[in-house]
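# Examination of the molecular architecture
Take a look at the letters that make up each chain.
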Amino acid sequence: QIQLLESGGGSVQVGGTLTLSCVASTLPSTMAWFRQAPGKEREAVAAAFYRDYSTYFLADSVKGRFTVNQDAAKNTLTLEMNNLKLEDSAMYYCAAPVSEIITGWWSRADKYRYWGQGTQVTVSS
């Protein structure tokens, strides 16, 4: 059983920066960020595989703008969001699988069992 707690959401103007943090009660094999806007499907944003320390993934829509970092000692995954766009507005969720998953499944929401309550990100012009 893993508890996940997100923080760092808020309101920011287009082009601004926001950093999200997720703290896990125990260190999972994988931690990921998903987001979901009203009326849209849940979308994978980023993931980190701790078993493969240097393995990170970012969605094409955020590459070059977002950076994901892990601090295994603190059971923490951060998502630094730069140059935010209107389409980045969403509820952002931290997620972890019940057991280790293969890296090819990083963006599949159905492979994640544990979810945080979410933190809202609102980007406005």
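In what follows, the accompanying structure is described.

Cut-off values and rules
- Residues numbered from 1 in each chain as written.
- Predicted model: local features only at pLDDT ≥ 70, side-chain atom pairs only at ≥ 80, totals over all residues.
- Heavy atoms only, no water.
- Salt bridge = Lys/Arg side-chain N within 4 Å of Asp/Glu carboxyl O.
- Buried < 20%, exposed > 50% of the residue type's maximum accessible area, 1.4 Å probe, protein only.
- Phe/Tyr/Trp six-rings, centres within 6.5 Å; stacked < 30°, edge-to-face > 60°.
- Helix = DSSP H or I, 4+ residues; strand = E, 2+ residues; numbered from the N terminus.
- Disulfide = S-S within 2.5 Å.

### What about the pattern of salt bridges?
- Per the stated rule, a full pass over the model turns up five salt bridges.
- With a closest N to O distance of 3.1 Å, aspartate 110 and arginine 108 form a salt bridge.
- The exposure class of arginine 108 is partly exposed, given its relative accessible area of 37%.

### Comments concerning the packing of aromatic side chains
- Going through the model one piece at a time under the given rule, you end up with five aromatic pairs.
- Geometrically, the ring pair formed by phenylalanine 57 and tryptophan 106 is stacked, given 5.5 Å between the ring centres and 10° between the ring planes. Within this pair, whereas phenylalanine 57 is found in strand S6 (residues 55-58), its partner tryptophan 106 is found in the loop between strand S9 (90-96) and strand S10 (114-115), the two being separated by 49 residues in sequence.
- Ring centres of tyrosine 112 and tryptophan 115 lie 6.3 Å apart, and the angle between their planes is 65°; this geometry places the pair in the edge-to-face category.

### So, the state of the cysteines
- By the definition in use, this model includes one disulfide.
- Covalently, cysteine 22 is tied to cysteine 94 through a disulfide, its sulfur atoms 2.0 Å apart. Across the S-S bond of cysteine 22 and cysteine 94 the torsion is about -80°, and the bridge reads as left-handed. Of the two residues, cysteine 22 sits in strand S3 (residues 18-24) while cysteine 94 sits in strand S9, which places them 72 residues apart along the sequence. Neither cysteine 22 nor cysteine 94 differs from the other in exposure class; each is buried.

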